[in-house]
There are 2 protein chains.
Amino acid sequence: MAQAHWGCCPWLVLLCALGAWGHPKSVDLTAEDVRNCLISPPYLPVTVVNTTAQLTALRQQMHIQNLFAYIIPETDAHMSEYIGTRDKRRAWMTGFTGSAGTAVVTMGKAGLWTDSRYWTQAERQMDCNWELHKEGSWESYNMALMNSNIKLVSITPNLVDQAWGSEKPLVLSQPIYVLQEAFTGNTWQKKVSDIRSQMQKHPQAPTAVLLSALDETAWLFNLRGSDIPYNPFFYSYTLLTDSSIRLFVNRSCLNSETLKYLNSSCTGSMCVQVEDYSQVRHNVQAYASGNVKIWIGTSYTTYGLYEVIPTEKLIEDTYSPVMVTKAVKNSKEQALLRASHVRDAVAVIRYLVWLEKNVPKGTVDEFSGAELLNKFRGKEQFSSGPSFETISASGLNAALAHYSPTKELHRKLSSDEMYLLDSGGQYWDGTTDITRTVHWGTPSAFQKEAYTRVLIGNIDLSRLVFPANTSGRMMEVFARRALWDVGLNYGHGTGHGIGNFLCVHEWPVGFQYNNIPMAKGMFTSIEPGYYQDGEFGIRLEDVALVVEAKTKYPGSYLTFEVVSLVPYDRNLIDVSLLSPEQLQYLNHYYQTIREKVGPELQQRQLLEEFEWLQQHTEPLSAKAPHTAPLASLLAVSSLAILGCRV
Amino acid sequence: MAQAHWGCCPWLVLLCALGAWGHPKSVDLTAEDVRNCLISPPYLPVTVVNTTAQLTALRQQMHIQNLFAYIIPETDAHMSEYIGTRDKRRAWMTGFTGSAGTAVVTMGKAGLWTDSRYWTQAERQMDCNWELHKEGSWESYNMALMNSNIKLVSITPNLVDQAWGSEKPLVLSQPIYVLQEAFTGNTWQKKVSDIRSQMQKHPQAPTAVLLSALDETAWLFNLRGSDIPYNPFFYSYTLLTDSSIRLFVNRSCLNSETLKYLNSSCTGSMCVQVEDYSQVRHNVQAYASGNVKIWIGTSYTTYGLYEVIPTEKLIEDTYSPVMVTKAVKNSKEQALLRASHVRDAVAVIRYLVWLEKNVPKGTVDEFSGAELLNKFRGKEQFSSGPSFETISASGLNAALAHYSPTKELHRKLSSDEMYLLDSGGQYWDGTTDITRTVHWGTPSAFQKEAYTRVLIGNIDLSRLVFPANTSGRMMEVFARRALWDVGLNYGHGTGHGIGNFLCVHEWPVGFQYNNIPMAKGMFTSIEPGYYQDGEFGIRLEDVALVVEAKTKYPGSYLTFEVVSLVPYDRNLIDVSLLSPEQLQYLNHYYQTIREKVGPELQQRQLLEEFEWLQQHTEPLSAKAPHTAPLASLLAVSSLAILGCRV
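The name given to chain A in an unreviewed UniProt entry is X-prolyl aminopeptidase 2, and the organism recorded there is Felis catus.

### Focus: the state of the cysteines
Note: disulfide means a covalent bond formed between the sulfur atoms of two cysteine side chains. Residue and element names in this part refer to chain B. Tallied over the full model, the rule gives 4 disulfides over all chains. The disulfide that involves cysteine 37 links it to cysteine 128, with 1.9 Å between the sulfurs. Across the disulfide from cysteine 37 to cysteine 128, rotation about the S-S bond amounts to roughly -90°, and the bridge is consequently left-handed. With a gap of 91 residues between them, cysteine 37 in the loop between α1 (10-13) and α2 (52-65) and cysteine 128 in the loop between α4 (119-125) and β4 (131-135) connect regions that are remote in the sequence. Under the relative-accessibility criterion, cysteine 128 is labelled partly exposed at 32%. For cysteine 266, the disulfide goes to cysteine 271, at an S-S distance of 1.9 Å. Judged by the torsion about the S-S bond (-105°), the cysteine 266/cysteine 271 disulfide is left-handed. By sequence-ordered numbering of the bonded cysteines, chain A has its disulfides arranged as 1-2, 3-4. Cysteine cysteine 253 is unpaired, with the sulfur of cysteine 503 as its nearest cysteine sulfur at 20 Å. Using a relative accessible area of 8% as the deciding quantity, one classes cysteine 503 as buried.

### Looking at unusual backbone geometry
Residues and elements named next belong to chain A. Geometrically, the link from serine 40 to proline 41 is a cis peptide bond, its omega value of -5° lying close to zero. Note that proline 41 resides in the loop between α1 (10-13) and α2 (52-65). Between tryptophan 507 and proline 508 the backbone carries a cis peptide bond, its omega angle lying at 0°. Of note, proline 508 is situated in the loop between α17 (481-484) and β20 (523-526). Within the chain, asparagine 66 stands out as a residue other than glycine whose phi angle is a positive 60°. Tracing the chain through its elements places asparagine 66 in the loop between α2 and β1 (69-72). Located in the positive-phi region is alanine 205, a residue other than glycine, with phi close to 50°.

### Thoughts on the interface of chain A and chain B
Taken together, the contacts link 31 residues of chain A with 30 residues of chain B. The contact between chain A and chain B buries some 2600 Å² in all, and 59% of this surface belongs to carbon and sulfur atoms. The largest contributions to the chain A side of the interface with chain B come from Arg481(A), Trp484(A) and Tyr553(A), which together make up 26% of the buried area. For the pair chain A and chain B, the interface holds 2 salt bridges.

### A word on the pairing of strand β2 (residues 102-106) of chain A
Residues and elements named next belong to chain A. The element β2 is extensively covered by neighbouring structure, given that 5 of its 5 residues are classed as buried. Looking at chain direction, β1 and β2 are connected through 4 bridges and run antiparallel. The partner of tyrosine 70 across the bridge, within β2, is valine 105. Bridging between β2 and strand β3 (residues 110-115) involves 4 bridges; their strand directions are antiparallel. By the bridge assignment, valine 104 is partnered in β3 with glycine 111. In textbook terms, the turn of a hairpin is the stretch between consecutive antiparallel strands, and for β2 and β3 this stretch comprises 3 residues.

### Points about the packing of aromatic side chains
Under the defined criterion, the tally for this structure stands at 41 aromatic pairs over all chains. For the pair Phe183(A) and Trp428(A), a centre-to-centre distance of 5.7 Å together with 70° between the ring planes defines the contact as edge-to-face. Placement of Phe183(A) in the loop between β5 (177-178) and α7 (188-201) and of Trp428(A) in the loop between β16 (425-427) and β17 (430-431) is noted, with a sequence separation of 245 residues between them. When its relative accessible area of 9% is taken as the criterion, Phe183(A) is described as buried. An aromatic cluster is built from Phe446(A), Tyr530(A), Phe536(A) and Tyr553(B), whose rings are joined through pairwise contacts. Across the ring face of Trp219(B), the terminal group of Lys191(B) is positioned such that the distance to the ring centre comes to 4.3 Å.

What counts and how
Residues numbered from 1 in each chain as written. Chains lettered and ligands numbered in written order. Predicted model: local features only at pLDDT ≥ 70, side-chain atom pairs only at ≥ 80, totals over all residues. Heavy atoms only, no water. Disulfide = S-S within 2.5 Å. Helix = DSSP H or I, 4+ residues; strand = E, 2+ residues; numbered from the N terminus. Buried < 20%, exposed > 50% of the residue type's maximum accessible area, 1.4 Å probe, protein only. Contact = heavy atoms within 4.5 Å. Buried area = accessible area lost by both parts, 1.4 Å probe. Salt bridge = Lys/Arg side-chain N within 4 Å of Asp/Glu carboxyl O. Pairing = 2+ DSSP bridges. Phe/Tyr/Trp six-rings, centres within 6.5 Å; stacked < 30°, edge-to-face > 60°. Lys NZ or Arg CZ within 6 Å of the ring centre and 35° of its normal.

Shown next as structure tokens:
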């Protein structure tokens with residue numbers, strides 16, 4: 001799944017399309033039906049929300065507290081990428097439902113800052129109470145604040161909540177459950193000891209680590225929940241000190257078994273003291289009054305918690321030690337993630353086979369297709385739903401980087417158009433994310449060239465050998481070069497980390513400037529693309545594991561091993577553009593798919609899918625596509641081996 | 001010339017070996033003769049400087065002013081890369097002459113922070129008064145300061161100068177001269193108008209620009225001087241306001257003609273008011289008391305000037321508008337720089353031809369060779385000396401990134417060793433910088449492979465097509481990939497900007513993280529390398545112009561056009577490692593060298609050199625090095641054309 005390229009902080013950067021929210025109206029997506037505030041009376045499309053009442057209520061609150069301005073970010077108290085409905089304060093206040101955008105309200109003005117992906121959407125959803133500030137980056141927004149004499153303070157309770165009042169959705173208390181040991185890399189006790197050992201080795205001698213990001217606490221205790229769509233998280237904070245463990249959570253969501261699992265009836269250094277979620281600020285403030293040093297990751301800590309810790313007692317890193325430790329998967333976690341990708345490939349292949357038969361009939365649309373894919377994923381072992389809202393985009397819709405169809409708004413799939421599918425699953429053993437682009441008819445020469453150059457980018461980055469600890473941002477150009485060569489490019493990032501039944505965009509791994517250097521055991525997506533406005537979109541995304549590279553001369557070098565296992569569309573590959581090395585790599589990858597997914601299909605009696613897989617992983621040849629002697633021989637031999645197991 | 005990869009600010013990053021200073025003793029460079037402060041009495045090699053008197057004098061001054069610590073950076077008041085002898089305060093205070101390193105003196109302690117390139121040198125030059133802080137980066141130094149309660153203030157006059165007293169070298173008043181119009185891109189009046197126009201368009205409406213870097217003032221007024229070795233600069237500041245121009249300089253260095261040229265007898269908006277150099281702080285402070293906004297580039301502004309401008313009257317960018325404007329050369333400046341590179345190639349080729357004949361005799365050493373090269377450069381039209389101290393390094397000496405030979409310390413050149421030559425010239429029309437590595441005997445297979453992979457890196461980056469405004473740091477990996485593939489790498493940056501008879505390291509252009517994005521008209525070096533400790537070093541450096549690329553599909557794309565014109569060593573190229581595209585590029589480059597340098601050699605009757613050039617630019621072929629039919633045909637035909645002009 002593609003990430004935004006803009007932005008400064010993870011909670012501003014980590015974006016993902018959430019479907020239309022609160023507007024189940026049928027709208028033609030191709031029409032340029034936007035507001036016009038320059039005429040009198042203004043023109044407002046039906047999609048616009050009247051926000052006068054919301055703004056009046058908020059300004060009343062601001063007046064009482066004597067505030068000059070109130071900032072409403074799009075995230076929640078944990079800087080989550082995906083947020084619950086009750087945390088969608090900015091959407092409620094502005095009408096704008098895009099996942100990126102910050103609102104600022106003063107007594108006289110109201111403004112929304114968002115980036116180019118969302119300008120049209122904002123003009124369709126906001127009424128004329130709101131100025132739209134078109135941002136290429138967040139810098140000027142920050143600058144505007146800095147150049148004024150505004151003092152940033154946190155206000156409790158949330159003024160939007162007060163304005164929202166009784167209309168605000170209730171907290172849904174979802175049970176928190178223990179992830180079976182078979183699906184965890186280590187016990188929570190081992191993880192706690194590891195983090196404490198890092199605290200001891202730290203030159204500034206922290207006495208505690210404060211965890212704000214929801215996946216930090218979920219990972220540390222091997223607990224999961226359902227408070228956030230697509231993410232198995234629960235609202236929580238953790239204050240892990242050298243002698244105690246405090247988990248801030250809705251206690252009623254923990255049953256007696258889980259409390260026992262957490263060893264919660266004692267107060268020793270390996271006992272988890274369960275405290276109420278609402279007490280975190282008070283509790284951190286009390287702890288900070290002692291002779292302590294609190295280690296935080298600034299990217300996921302709100303200003304409200306940050307400000308209660310005196311500066312001299314703070315140890316600030318961009319990411320907490322839990323975030324950084326979680327990024328490197330141990331061998332058990334690697335095996336779990338790999339296994340989930342094999343089953344995920346089965347689901348995606350089943351869907352692609354079904355599409356190949358049904359799209360020509362004209363009965364498939366983007367939304368019904370996505371639903372069927374969810375169904376296929378749901379049938380896989382350990383399935384726990386999709387890992388994000390499926391991007392199922394046909395023809396020109398695929399040129400919008402974050403388009404998702406809805407029941408009301410969708411396009412029919414056709415043999416005359418390209419189709420882009422970016423989707424993923426949550427499984428108890430791993431989280432997946434894969435993008436394939438297909439064409440069932442006759443693609444244009446330009447479509448084939450663009451597709452092949454995107455594929456070359458994917459291949460060139462995947463097979464790169466690089467020194468240990470190289471930053472992703474340094475090497476991501478290898479995914480762009482084949483496109484640059486002819487004057488093409490793409491406007492989003494090249495990849496992001498991914499979790500073990502955690503976040504589909506798991507920081508801080510990836511290819512953006514604020515990601516940490518690549519290390520053995522990390523998983524990242526690799527996802528170049530190309531988008532032709534108003535016509536089509538291409539993206540080829542795989543998840544890859546960072547592994548040691550064996551180089552001719554000794555040294556600490558790494559490379560990628562792709563764990564996504566779905567073949568690319570042969571109909572769109574122009575083999576003549578591939579170098580011998582790229583072709584060799586591709587055929588080797590196809591051989592791996594056969595070896596790993598073939599037996600799984602056979603075992604499950606998915607013989608039609610097995611046949612399809614064999615056809616689509618037939619070795620490609622630069623000269624004559626169907627007669628490469630050595631490669632074909634290999635293919636036949638592996639077919640024979642696989643055949644025995646049917 | 002290679003740059004350091006470490007560091008945070010240009011004045012810490014832009015480093016270059018200055019020869020041994022103040023120690024004309026003969027020392028064996030390969031011996032590990034360093035101080036040992038752990039034994040009693042300490043062991044001190046002869047190269048150590050006794051700094052007790054210096055430290056006592058400084059601490060007396062600190063005591064009088066009640067200071068806790070005094071920081072002594074290695075640069076001057078203009079953040080110059082190269083500094084005059086009188087500005088070498090840190091070297092005088094510590095004994096350590098390396099170009100990178102900051103000293104901090106408290107009443108009880110004295111410490112020097114420097115990076116790994118200089119650790120051995122520091123242990124050889126400093127006595128036991130000094131602690132050596134080994135820095136991989138400057139971060140921990142900054143952190144150490146931040147975590148204390150130290151308040152940074154500027155102290156006038158300089159306490160080191162007061163301690164130095166009468167021993168301090170005098171200011172040498174060198175004349176400042178006007179660069180002839182033929183060698184300038186625009187008149188100073190046009191340049192002043194351009195900068196003022198940028199001020200008017202700026203959203204924060206600056207009323208003035210303050211210039212601290214010496215090349216900013218030199219470029220703006222088309223003036224040159226000789227205050228700094230290798231750089232045609234003079235001590236100066238400029239305060240360019242919307243209605244006045246103030247040049248702070250040693251007035252006695254300007255003759256009446258130059259004063260007239262500057263229109264200095266009036267006070268209008270196009271008159272240059274010449275003020276005394278020492279008055280800049282006072283003058284800026286006075287100006288800043290008005291209703292003004294002063295635009296500065298923080299990278300080249302000292303704290304002493306920064307602190308006299310109230311924060312609300314400051315407009316801070318990393319680089320001043322003059323720095324950024326100067327970076328993009330107009331067509332006249334481009335033509336001038338190109339022309340200087342043709343003549344520079346003649347000088348380097350003459351030297352290489354001479355070496356080929358004389359090295360086997362065993363009569364050439366690193367130092368005498370460098371002196372001869374300087375002589376050849378000096379004979380070229382518009383020559384104004386070398387642009388930096390020549391790095392002339394044979395065998396294992398080339399593995400030290402910034403080694404320069406001296407009259408006392410040098411190695412003999414030999415047909416059994418590789419030889420690395422990194423040198424450049426100052427010419428009235430341009431500054432040059434080129435590195436070639438050669439072997440006159442039989443290189444090992446590993447040397448050939450490493451050399452060829454460095455060459456591939458140079459080629460791959462030089463022929464890269466990239467979108468306009470791409471940052472150099474994003475693309476520099478293309479210069480490393482062929483090395484990474486087999487587990488090799490290099491530890492320095494990949495290139496830097498260069499001036500028109502200005503700085504050989506001209507910021508802010510280059511491939512490091514703090515360089516600005518690439519734009520048409522910029523010049524940068526491209527210089528991958530490989531260093532085998534204790535054995536040999538390879539670097540291949542060319543200067544390239546950023547030009548528009550014609551891509552298959554329309555778009556704003558750029559590429560490089562190499563303007564350095566000296567062939568690589570055929571003896572070290574393993575053609576079988578080059579792809580057809582790389583080979584084609586290389587042969588095309590050789591063709592360009594023939595076309596541009598050939599006629600120049602013939603015109604000058606340098607027939608032996610012409611012959612050498614023809615041999616060394618003979619097209620290479622992957623299959624059979626001497627029988628490529630088409631390429632040879634091309635070569636013969638161009639030989640024929642060139643032949644007519646003899």
